[in-house]
Amino acid sequence: MSFLRPETGASQHATLPQPAPLERSAFLPPVHAYRRARGFSAVYQGTRSALRALRANALRSLLTSLGIIIGVGAVIMMISISEGNAAAINQRLSALNPTQLTIFPGSARGTGGVSSGLGSAQSLTLDDANAIAQLSHVTAVSPLINAQGQLVAGDQNWSTSVVGVAPPYQQIGGWQLQDGSFISQDDEDSGHTVAVLGQTVVDNLFGPGADPVGQSVRINGVPFTVIGVLAPKGTTGGRNADDVVYVPYTTARQRLSGGRSLGQIVLTADSTSNVGLVQNEVEQLLEQRHNIANPQLDDFQISNQLQVLQSVQGTNQALTILLVSVASVSLVVGGIGIMNIMLVSVTERTREIGIRIAIGARPRDVMTQFLIEALVLSILGGLIGIVLGPVGAWVLTHFTTTPFVLDPLSVLLAFGVSALVGVVFGFYPAQRAARLDPIVALRTE
Amino acid sequence: MEQREQWQADGHRAYPLVRVRQLVKNYYLGHTIVPALRGVDLDVWPGELVALMGPSGSGKSTFMNLLGCLDQPTAGRYLLSGVPVDELSPNELADVRNRSIGFVFQNFNLLPWMTALENVELPLTYMQMPAEERRRRAEMALTLVGLRTRAHHRPTELSGGQQQRVAIARALVTSPTLLLADEPTGNLDSQTSVQIMGILQELNRRGLTIILVTHEADIAAYCRRQVRFRDGRVVGDTLNSEPLEARLQLTHDHDHEQEGRKVTS
Ligand SMILES: Nc1ncnc2c1ncn2[C@@H]1O[C@H](COP(=O)(O)OP(=O)(O)O)[C@@H](O)[C@H]1O
Ligand SMILES: [Mg+2]
């Protein structure tokens, strides 16, 4: 600094001799020319004194940080839960056959949704299914009837969904047999009372590890012979795929549902890229067979699993954005809390600031001190939030079926945002502190 | 005998440490103007011990704040070691307060959560001085005021006189050229006041220029030069050829380390 620069432009003192060099007093050794504290050293010292000031007011510091703790915790928790959801959906997607199409009877008009299949419409026939089987790129077609069945074997009983299907369904559903065989064309044609049981059904009716092939089971009072046991698929996306019974479609229609309509038609295309093509073909074929000129008046609906799941994923993404924005609002609220307390702190410590300015703190030193204090508050809050957020998400996964997923990027993001909040909301109070008039500041009590 | 003449006789040093010319300070309260200083002329020479006296409201504190670069004058000139202070930037002013001036207040103004040593170190933290040297210097300054053994006490654990000695050590620690003290004994009993004056006299003897404010004639009696203020003007500037020696009065009284009642604040 240019403390010793000569006086300029002071005409009334022109006759005075040049100022002598500053005479340092002899009571302490002279201070060597140090540069002002800058950079790392200033930040380190500032952090130390900030921690000290915050510790002196531990409860208030904690309450101040609470907004940031909750904000950061909530953001991490929301991202974790959403990603868990996405993972669950992906799992469900992988459990299903992406080449599968399902044709439901009924029109899209009316109540807006797909009408419930069984019995509500007579539009789909077995001939439709056979005609579809002739189309190119179609690998398997099966009619399908869903019914709820009460199963009894010996003194055990079990309630589950009984599905009437044709032999190609084994391929469509991707089922392997553990014992016995799947429904044959003969069973289908003759309407044999035979059943293929899922693993869960076997466990509950015959006990784990039993081989019930050849034994009898009553479904809704009708005796069926067990001809096969499905290899277990396990639980996919919260649904137990093994809790199912397959019977021949004709048998189901005659003995279990009583109706004459066929529930749905399920089919598979030869590849995912041909799903759309097959869907169009099926649509045209059925319109032609049902004499429908206007596609708006279709008496059937084709559902594409891929599309359904993609739209569910899209919904999940929208939900994630919503949840994270709500959580972000709490971060901003936390920041305003910090600003509030920093303003109170500046007011309370006006005298301290006056003292610091009086003994030589530059405006920037004061500014740095309060900025660092706000930053330390928000970063400490952020760190606590980083611990609490995943814990909260992990606890929540125990009440839902979604898996626990923690994205390190979301943790990093939340931490960065909390630091940013500290700087942004600490700036104004720090600036106020730096601009205090030392005379006024020293006079306050 | 006369110090000023000695300085002036000594050619290259013949320049005042403080030169004030027609210094004016007005305060503005709403639309009313409160003239606190109405044109002050004063020179203070290196090595002087000056007492500023005058009735309450005569502008002494205002003048001290201007000398201490805590405030800017409405008009007039203030040269510190020949440097026109009004031309300095805010950062340069901060450095002047840090390096060239030590300020002692009536109410001590220590930071209560810091120990005596940390309080004394504080001015040094605003320079890039290594922690070790900072600590060493602060200990030296505390030794100078006889409080080396209380380095780790907090202000609330010290008596008023001890607190003021810590404040003096803080003012000294950067080795300033000018010590300003606004009623340094105003909150202390007379015995303790004499001790503080003893310390200031000792520092002055070692070459420190000191300007102190007091409205007590007993305290001013320890100073060689007495400047009187009234209504924002200097109305008297006298030399006391035989100032009292606090040192001599203290020898048959208390020891520095054990004085006064505890002050809790
Ligand atoms: N911040 C201020 N605002 C308005 N008036 C002030 C302020 N500070 C001092 N004054 C006035 O200036 C005059 C001088 O005050 P001061 O310098 O404190 O006197 P002293 O220290 O000699 O008692 C007084 O009339 C006082 O009321
Ligand atoms: Mg005063």
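Please read all numbers here as calculations on a predicted model, not as lab measurements.

Colleague: Hey, could you run me through the overall build of chain B in this one?
Modeller: When its secondary structure is counted, chain B shows nine helices and ten strands. Once local pairs closer than 6 in sequence are excluded, the contacts in chain B between residues at least 24 apart make up 72%. Surface summary for chain B: the accessible area is close to 10500 Å², and the carbon and sulfur share equals 50%.

Colleague: Please explain the site of ligand 1 as it appears in this structure.
Modeller: Neighbouring ligand 1 are 13 residues, the closest being Arg-443 of chain A together with Gly-57, Lys-60, Ser-61 and Thr-62 of chain B. Ligand 1 is flanked by residues contributed from chains A and B. At a separation of 3.2 Å, an oxygen atom of ligand 1 approaches a polar backbone atom of Ser-58 of chain B. Thr-62 of chain B has a polar side-chain atom sitting 2.5 Å from an oxygen atom of ligand 1.

Colleague: Got a minute to help me understand the side chain of Glu-352 of chain A in this structure?
Modeller: Mapped onto the elements of the fold, Glu-352 of chain A is located in helix H10 (residues 350–358). Judged by relative accessible area, which is 4%, Glu-352 of chain A ranks as buried. Beyond its immediate chain neighbours, meaning those up to four positions away, Glu-352 of chain A contacts Gln-369 of chain A together with Leu-111 and Trp-113 of chain B.

Colleague: What should I look at first to understand the packing of helix H11 (residues 363–397) of chain A against helix H12 (residues 408–434) of chain A in this one?
Modeller: In helix packing, the relevant descriptors are the interaxial angle and the interaxial distance, both defined with respect to the helix axes. All names here are of chain A. It is the contact of H11 with H12, at a shortest axis distance of 7 Å, that shows an interaxial angle of 150°. As far as their axial angle goes, H12 and H11 are roughly antiparallel. H11 and H12 meet at a crossing whose hand is right-handed. Here H11 contributes Pro-363, Val-366, Met-367, Phe-370, Leu-371, Ala-374, Leu-375, Ser-378, Ile-379, Gly-382, Leu-383 and Ile-386 to the contact with H12, which in turn contributes Val-411, Phe-415, Ser-418, Ala-419, Gly-422, Val-423, Gly-426, Phe-427, Ala-430, Gln-431, Ala-433 and Ala-434. Here the residues of the contact of H11 with H12 are counted per class, giving 18 nonpolar, six polar and no charged.

Colleague: Before we go on, may I ask you to explain the pairing of strand S3 (residues 49–53) of chain B in this structure?
Modeller: Residue and element names in this part refer to chain B. Burial analysis of S3 places five of its five residues in the buried class, the great majority of the element. Covered by surrounding structure in S3 are Leu-49, Ala-51 and Met-53 together with Val-50 and Leu-52, the residues of both alternating faces. Alignment of S3 against strand S8 (residues 209–213), held across four bridges, turns out to be parallel. Paired with Ala-51 across the two strands is Leu-212, which belongs to S8. Note that S3 and strand S9 (residues 225–230) share four bridges and pair parallel. Of the residues in S9, the one forming a bridge with Leu-52 is Val-227.

Colleague: It is not clear to me how helix H6 (residues 199–206) of chain A should be interpreted in this structure. Could you clarify?
Modeller: Every α-helical turn comprises 3.6 residues, leaving residues that sit three or four positions apart pointing alike. All names here are of chain A. The buried fraction of H6 is high, at six of eight residues. Those residues of H6 not exposed but buried are Gln-199, Thr-200, Val-201, Val-202, Leu-205 and Phe-206. Gly-207 sits one or two positions beyond H6 and adopts a positive phi of about 95°.

Colleague: What am I meant to see in the sheet that holds strand S7 (residues 178–182) of chain B here?
Modeller: Hydrogen bonds between backbone groups are what pair the strands of a sheet, and the pairing can be parallel or antiparallel. All names here are of chain B. Spatially, S6-S7-S8-S3-S9-S10 is the arrangement adopted by the six strands of the open sheet, whose pairing is mixed. The open sheet is flanked by strand S6 (101–104) and strand S10 (233–239), the only strands paired with a single partner. Pairwise comparison of adjacent strand axes, ignoring direction, gives a mean angle of 15° for this sheet. Helix-sheet contacts for helix H6 (residues 160–172) involve S6 and S7, and the interaxial angle to S6 is about 165°.

Colleague: What's the story with the pairing of S6 of chain B in this structure? I'm lost.
Modeller: Sheet faces and side chains relate simply in a regular strand, where the side chains alternate between the two faces. All names here are of chain B. Residues of S6 alternate between two faces, with Ile-101 and Phe-103 on one and Gly-102 and Val-104 on the opposite face, all of them buried. Sheet topology note: the S6/S7 ladder contains four bridges and is parallel. For Val-104, the partnering residue across the bridge sits in S7 and is Ala-181.

Colleague: When you look at the environment of Asn-240 of chain A in this model, what are you seeing that I'm missing?
Modeller: Residues and elements named next belong to chain A. Tracing the chain through its elements places Asn-240 in strand S9 (residues 239–240). Relative accessible area serves as the criterion here: at 31%, Asn-240 is assigned to the partly exposed category. Sequence separation between Asn-240 and Thr-200 is 40 residues; the distance between their C-alpha atoms is 8.3 Å.

Colleague: Explain helix H3 (residues 126–133) of chain A to me, please; I cannot follow it from the model alone.
Modeller: Residue and element names in this part refer to chain A. Here H3 has its buried residues at Asp-128, Ala-129, Ala-131 and Ile-132. Within H3, the buried residues cover an arc of 165° as seen down the axis, which keeps them to one side. Where the residues of H3 are buried, they touch strand S1 (100–105), strand S2 (138–153), strand S11 (264–269) and helix H8 (275–289).

Colleague: Hey, could you run me through the sheet that holds strand S4 (residues 75–80) of chain B in this one?
Modeller: Residues and elements named next belong to chain B. Taken together, four strands build an open sheet; the order of strands is S2-S1-S4-S5 and the sheet is antiparallel. Edge positions in the open sheet fall to strand S2 (32–44) and strand S5 (83–84), since each of these has one partner strand only. By the bridge criterion, five bridges tie strand S1 (residues 18–29) to S4 in an arrangement that is antiparallel. Bridge assignment links Val-24 to a residue of S4, and that residue is Ala-75. Packed onto the sheet, helix H2 (residues 60–67) meets S1, S2 and S4 and runs at close to 120° relative to S1.

Colleague: Whenever I open this one, the environment of Leu-63 of chain A confuses me. Can you help?
Modeller: Residues and elements named next belong to chain A. With respect to the helices and strands, the residue Leu-63 is situated in helix H2 (residues 58–95). A residue is classified by how much of its surface remains accessible, and Leu-63, at 53% relative accessible area, is exposed. Remark: the alpha-carbon pair of Leu-63 and Gly-337, spanning 274 residues in sequence, is separated by 9.0 Å.

Colleague: Looking at this model, I keep getting lost on the nonpolar core. Mind explaining?
Modeller: The tendency in soluble globular proteins is for nonpolar side chains to be buried as a group. Residues and elements named next belong to chain B. Among the nonpolar cores identified, the biggest contains 73 residues, and Val-18, Val-20, Leu-52, Phe-63, Tyr-78 and Ile-211 are the most heavily contacted of them. Contacts of Val-18, omitting those with residues within four sequence positions, involve Leu-42, Asp-43, Val-44, Leu-67, Tyr-78, Leu-79, Leu-80, Leu-178 and Ile-211. Judged by nonpolar contacts, the second largest core, of 44 residues, contains Ala-138, Ala-171, Ile-196 and Ala-246.

Colleague: How should I be thinking about the pattern of salt bridges in this particular structure?
Modeller: If charged atoms from side chains of opposite charge come close, those side chains can pair. Under the counting rule described, the total for this entry stands at 21 salt bridges over all chains. A salt bridge links Glu-348 of chain A to Arg-60 of chain A; its shortest N-O distance comes to 3.2 Å. Remark: Arg-60 of chain A occurs in helix H2 and Glu-348 of chain A occurs in helix H9 (residues 305–348); sequence separation between them is 288 residues. The class of Arg-60 of chain A is partly exposed, set by a relative accessible area of 23%. Where Asp-43 of chain B meets Arg-21 of chain B, a salt bridge forms, and the shortest distance between an N and an O atom there is 3.1 Å. Here Arg-21 of chain B lies in strand S1 and Asp-43 of chain B lies in strand S2, a separation of 22 residues in the sequence. Residue classification places Asp-43 of chain B among the buried residues on the basis of a relative accessible area of 14%. Shared partners join several salt bridges into a network, and the residues in it are Glu-202, Arg-205, Arg-206, Glu-245 and Arg-247 of chain B.

Conventions we followed
- Residues numbered from 1 in each chain as written.
- Chains lettered and ligands numbered in written order.
- Predicted model: local features only at pLDDT ≥ 70, side-chain atom pairs only at ≥ 80, totals over all residues.
- Heavy atoms only, no water.
- Helix = DSSP H or I, 4+ residues; strand = E, 2+ residues; numbered from the N terminus.
- Contact = heavy atoms within 4.5 Å.
- Areas by Shrake-Rupley, 256 points an atom, 1.4 Å probe, with all protein chains shown as cover.
- Near = heavy atom within 4 Å.
- Polar contact = N/O pair within 3.5 Å; in protein donor to acceptor, adjacent residues only side chain to side chain.
- Buried < 20%, exposed > 50% of the residue type's maximum accessible area, 1.4 Å probe, protein only.
- Axes fitted to C-alpha atoms, helices over the stretch in contact; angles between N-to-C directions.
- Parallel < 35°, antiparallel > 145°, perpendicular 65-115°, else oblique.
- Left-handed = near helix turned anticlockwise from the far one by under 90°.
- Nonpolar A, V, L, I, M, F, W, Y, C, P; charged D, E, K, R; others polar.
- Pairing = 2+ DSSP bridges.
- Arc of directions from axis to C-beta.
- Core = buried A, V, L, I, M, F, W, Y, C linked by side-chain atoms within 4.5 Å.
- Salt bridge = Lys/Arg side-chain N within 4 Å of Asp/Glu carboxyl O.

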